[in-house]
Amino acid sequence: MCPVPEPAPAGSTAEASAEAAPAPEAARLADPAWRRWGPFLSERAWGTVREDYSPDGEAWRSFPHDHARSRAYRWSEDGLGGICDERQRLCFAFSFWNGADPFLKERIFGLNGEQGNHGEDAKEYWWYLDSTPSHSWMRWRYVYPQRAFPYQDLIDANARRGREQPEYELLDTGVFAEDRYWEITADYAKAGPDDLRIRLSIVNRGPEPASLHVLPTLWFRNRWSWQPGAVAPAIRRDGDALVTGAEDGLDAYRLSASLPPVGSATPTGDRADPGAGAVTRPGVVTPLFCDNETNATALWGNPESPAYPKDGIADHVVSGGAAGTVNPAERGSKAALWVTLTIPAGETAELALVLCAEGAEVATDSSAVWEERRREADDFYRQLAPTADADRARVLRQACAGMLWSKQFYHYDVGRWLDGDPGQPPPPPERHQGRNAHWRHLSNHDVISMPDKWEYPWYAAWDLAFHTIVLAHLDPGFAKEQLRLLTREWYAHPAGKLPAYEWNFDDVNPPVHAIAALAVYRRDGSRDPTWLARIFHKLLLNFSWWANAKDPEERNLFGGGFLGMDNVGPFDRSTPLPDGLVLEQADGTGWMAIYCLSMLEIALVLAHHDRAYEDVAITFFEHFTLIAEAINAHGLWDETDGFYYDRVRRPADGTVWPVRVASMTGLIPLCAVATAEHTDGLNEFNRRVGDYLRLHPEARDYVRPAVDGRPMLMALVGPEKLTAILSRALDPDEFLSPHGLRALSARYRDRPYAFFIDGELTASVDYEPAESTTPLFGGNSNWRGPVWFPVNYLVLGALARFAAADPAGAVRCPAPGQAGGQLTLAEVVSDLSERLVSIFCADADGQRPVFGAAAGMPAEWQENLLFHEYFHGDTGAGLGASHQTGWTGLVADLIIGGLQGTETK
């Protein structure tokens, strides 16, 4: 039986070890049992495509926030600071009530795409502060107002604001005035694979004593409602503990709690039977039970509801027990341990819990477990970046924590979703011609790295690729598993497409999987060629799909659509142009050149293990030169401007119109650069390259043969084009901001670009450094000025490769912001890297640019970092999804030194 822990002294923390000792964490990562439990619970499951069973495909309206507390989810679960097992059979999370809200706080609140003046947006504050890769140690923090949560005020105020105005945030409501809020921190430590010690520290930041209802909650994901004849698993009471039944291969578990010692906080109220309307008496918790099933009566007036539905515990607490909505038999598929704490002003209370396999004989003191796991985490991160100063170490650690906390159990069977479940009402017939109808084969049931578990609680192909570059530093096995997962038969389309994201799997994300595969392989010590070969063969199918589907005229000029950069251009690139016009994209063509070179490099690595790969390497080499010739000689390179532009072509008569917008689309071709290293012994490859260059001398503009000990260099841009592009990229009046490269030149700040066809104004683009003012893609994303980490990272990686191929520094660039100054490429890489890292670091005044000018933000919050989707093009303030640590977590790779290390080798 699991012991009930004694609470640790308030505020105690582990001291850093004097010596790095990553061995314990390495051993845990080698044991699959330690991966069984983790933060795989989403922050939001409502408003997703999976839960949308409407005829019009309006997911946010089909399953709104107001339904979430009462309606059982079909595909996944959500909760506050929660965890679950790797197949999400059993879930644990926290619920709170401040005594003033109309319902229990069980999940993060936010606005849907129609309510927000810049699209969907979470309207609360929480942080992922720490985690080891095995989740042996984790820390999560949340702030909860003591006043009534201003749900309607947030909805109404944002509805009154237009796209030109900033978003109305929770801090703007005044609900945190006088610091009347709870600061709640959850620490998780594993004493063993199935033995989790949980410490909830609650600080009353307000000026007066206040009471908080705390409900650690345990529940089973509802699978029985969708399977006729299935029996719901049960949780029962055992004293003041909760005990689950075994379920589908998962052992029975016990959840127990101990209250804080007298003096730090006082449990209040008198305990009675669950249905009698009482709270607790001092020193006792009250178990409450209901069923994780839909309250159809509350939602739709349907009398066929279970007696104690999903919202039963919440209604019981808020009604003071008068609702009669919890099971007096003390059984159900959802249960909570209810305690009400009164905490003096400025004081801290700690609630200690144990969640462990029932019957386990574990005597370890929880305080010792917390201390040991925290110390091991200190050692792990110290070893990861031993030379980082304290502030950068904080940025690194919290960036990694955000990535590790953003793992989520993702479940979506498109065939079942299209057809409906047995015994349930059939989905509308429109579904079979609508979203994702061509992805019937897709069946996902895995733990996946998410971009953001609230705003993007579904994987995205190119996001995930960038995630793995950082994850490879933390957990190479997980990184490799993630990359391979998207290429497997139950993910990738039989035609070769990779699934983009659940809103539309048919959309096309940039093909960066091969870039990530090579980076992960190298960060893993270049020791797993079998894995690399497996993913290479899958990517061959994807590359063939790209070559056939996105270059239908076989001109080696590609038009992939919006390619992840949403509204970067003057018109919606994901929809066909009128009158049969064709868009030839600088970025689409650049991405394919990058894809060619990445596949070439992988083939050369594999050729040292199997010479058959030399043939494939030759194919990619020659295909690259054809793309290079097409983009440079057929109209996408503008010699006068020294930049790459998209162009519109009318096939009927061959008329073309350059789209002279200086944007990130013109910088993508710069990223197509690679070195063919270690080709010694690959005689067939070397011989064919030599013959090809003799037969096609024009290819030497893009290929520098190996000479004088330097490897062969392949790039879309030669030294002159590189210098021309960088003269604009490093110009503060164009792309260069204090915190990285903007997605659009600032030259359009006062002079918007206008695009004409046959003398008629068709579209325009202006510089927008913050949120989007256009409705494209829901208005919640903007590539018209802000700084985006993934593309900045690719530019940095490309320049690092150019620098490695130019060790003498022969190519010089304009010094950023310094008229007449000159820098080597290596110095430019260092400068740009520093600008990106500085977004999160404290400046001379102790301010972090990521927070911008957040009015009324308490000073202590500045130590809790957020890693946003993108950043203000002038100030570096975080914008978009607030927890998109996935690709913004690339800052960790910059701090570790990935670009200067394995990436350029």
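Above this text is the structure in question.
Residues numbered from 1 in each chain as written. Predicted model: local features only at pLDDT ≥ 70, side-chain atom pairs only at ≥ 80, totals over all residues. Heavy atoms only, no water.

Draft legend 1. Molecular detail of the overall build of the protein. Along its length, the protein carries 21 helices and 36 strands. Compactness check: the protein gives a C-alpha radius of gyration of 28 Å against a globular reference of 29 Å for 905 residues, within 12% of the reference. Taking the principal axes of the C-alpha coordinates as reference, the protein spans close to 90 × 60 × 55 Å. In the protein, which comprises 905 residues, the share counted as buried stands at 63%. Long-range pairs, those at least 24 residues apart, make up 73% of the contacts in the protein between residues at least 6 apart in sequence. Per element, the accessible surface of the protein, about 30,800 Å² overall, is 50% carbon and sulfur. Between the averaged position of the 83 positive side-chain charges in the protein and that of its 124 negative side-chain charges there is a distance of 3 Å. (Helix = DSSP H or I, 4+ residues; strand = E, 2+ residues; numbered from the N terminus. Rg over C-alpha atoms; globule rule 2.2 N^0.38 Å. Buried < 20%, exposed > 50% of the residue type's maximum accessible area, 1.4 Å probe, protein only. Contact = heavy atoms within 4.5 Å. Areas by Shrake-Rupley, 256 points an atom, 1.4 Å probe, with all protein chains shown as cover. Lys, Arg positive; Asp, Glu negative; His and termini not counted. Charge placed at Lys NZ, Arg CZ, Asp CG, Glu CD.)

Draft legend 2. Broad picture of the nonpolar core. Counting residues in each nonpolar core, the largest one holds 197 residues, and the members touching the most others are Phe621, Val648, Phe685, Met714 and Leu799. If you tally residues by element for this core, the top one is helix H14 (residues 586-607), at 16 residues. Excluding residues within four positions of it along the chain, Met714 makes contact with Leu597, Leu600, Phe621, Phe624, Ala672, Val673, Ala674, Thr675, Ala676, Tyr702 and Val703. Counting residues in hydrophobic clusters, the runner-up holds 67 residues, among them Ala68, Cys290, Trp338 and Leu353. (Core = buried A, V, L, I, M, F, W, Y, C linked by side-chain atoms within 4.5 Å.)

Draft legend 3. A look at the sheet that holds strand E12 (residues 241-244). Reading across the sheet, the nine strands line up as E6-E7-E8-E9-E18-E13-E12-E11-E16 and stay open at both edges, with antiparallel pairing between neighbours. The sheet is open, and its two borders are formed by strand E6 (126-131) and strand E16 (331-332), each paired with just one other strand. Here E12 pairs with strand E13 (residues 253-258) via two bridges, running antiparallel. Across the sheet, the residue bridging to Leu242 is Leu255, located in E13. Along the sheet, helix H7 (residues 366-384) makes contact with E6, strand E7 (137-145), strand E8 (181-192), strand E9 (195-204) and strand E18 (348-357), crossing E8 at roughly 90°. (Pairing = 2+ DSSP bridges. Axes fitted to C-alpha atoms, helices over the stretch in contact; angles between N-to-C directions.)

Draft legend 4. Summary view of helix H17 (residues 719-729). Those residues of H17 that fall on the buried side of the exposure criterion are Leu722, Ile725, Leu726, Arg728 and Ala729. For H17, the buried positions fall inside an angular range of 155° around the axis, keeping them on one side. Those residues of H17 that are exposed and aimed more than 90 degrees away from the buried face are Pro719 and Glu720. (Arc of directions from axis to C-beta.)

Draft legend 5. Local environment of helix H15 (residues 613-633). Helix length check: H15 (21 residues) gives 30 Å between terminal C-alpha atoms against 30 Å at 1.5 Å per residue, within 8%. Here H15 lies mainly inside the structure; 15 of its 21 residues are buried. The positive-phi residue at the C-terminal boundary of H15 is Gly635, with phi of around 105°. (Expected span 1.5 Å × (residues − 1).)

Draft legend 6. Local environment of the environment of Arg416. Mapped onto the fold, Arg416 is located in helix H9 (residues 414-419). Sequence separation between Arg416 and Val795 is 379 residues; the distance between their C-alpha atoms is 42 Å. Residue contacts for Arg416: discarding those within four places in its chain leaves Arg74, Trp75, Trp226, Asp421 and Pro422. Of the polar contacts made by the side chain of Arg416, one reaches the side chain of Asp421; its length is 2.7 Å. (Polar contact = N/O pair within 3.5 Å; in protein donor to acceptor, adjacent residues only side chain to side chain.)

Draft legend 7. Up close: the sheet that holds strand E24 (residues 646-650). Here three strands make up an open sheet; going across it, the order is E21-E24-E25 and the pairing antiparallel. On the outer flanks of this sheet lie strand E21 (582-584) and strand E25 (655-659), each paired with one strand and no other. Each adjacent strand pair in this sheet contributes to an overall mean axis angle of 25°, direction not counted. Pairing of E21 with E24, which is carried by three bridges, proceeds in the antiparallel orientation. Bridge assignment links Glu584 to a residue of E24, and that residue is Arg647.

Draft legend 8. View of the packing of aromatic side chains. Under the defined criterion, the tally for this structure stands at 59 aromatic pairs. When the ring of Trp60 is compared with that of Trp454, the centres are 6.1 Å apart and the planes differ by 40°; the resulting orientation is tilted. In this pair, Trp60 sits in helix H2 (residues 59-62) while Trp454 sits in the loop between strand E20 (443-449) and helix H10 (461-474), placing the two residues 394 residues apart along the sequence. Among the residues examined, Trp60 registers a relative accessible area of 10% and is labelled buried. Using a relative accessible area of 1% as the deciding quantity, one classes Trp454 as buried. With centroids separated by 5.7 Å and ring planes inclined at 20°, the aromatic side chains of Phe643 and Phe735 adopt a geometry described as stacked. Of this pair, Phe643 sits in strand E23 (residues 643-644) while Phe735 sits in the loop between H17 and strand E29 (736-737), placing them 92 residues apart in sequence. (Phe/Tyr/Trp six-rings, centres within 6.5 Å; stacked < 30°, edge-to-face > 60°.)

Draft legend 9. Here's a closer look at empty space enclosed by the protein. Summed over all chains, the structure comprises seven cavities of 30 Å³ or more. Within this model, the second largest cavity holds a volume of roughly 130 Å³. Considering the residues around the second largest cavity, the lining is formed by 17 residues, among which Ala461, Leu498, Asn509, Asn542 and Trp546 are closest to the centre. Mapped by element, the contributors of at least two residues to the lining of the second largest cavity are H10 and helix H13 (529-549). (1 Å grid on protein atoms, 1.4 Å probe; cavity = no way out; pocket = protein on both sides within 12 Å on 5 of 7 lines; lining within 4 Å. Points joined across faces, edges and corners; volume = space filled by probe spheres on them.)

Draft legend 10. Broad picture of the side chain of Lys334. Position of Lys334 relative to the elements: it lies in strand E17 (residues 334-343). Reaching out from Lys334, the side chain makes a polar contact with the backbone oxygen of Lys310 at a distance of 3.0 Å. Non-local contacts of Lys334, meaning those with residues more than four positions away in its chain, are made with Glu106, Thr217, Leu218, Trp219, Ile235, Leu288, Phe289, Cys290, Asp291, Asn292, Lys310 and Ile313.

Draft legend 11. Representation of the packing of helix H8 (residues 390-405) against H10 within the structure. Put simply, H8 and H10 touch, their axes get as near as 11 Å, and they point 105° apart. One finds that H8 runs roughly perpendicular with respect to H10. Of the residues in H10, those touching H8 at Cys400, Met403 and Leu404 are His467, Val470, Leu471 and Leu474. Classifying every residue of the contact of H8 with H10 by side-chain character gives six nonpolar, one polar and no charged. (Parallel < 35°, antiparallel > 145°, perpendicular 65-115°, else oblique. Nonpolar A, V, L, I, M, F, W, Y, C, P; charged D, E, K, R; others polar.)

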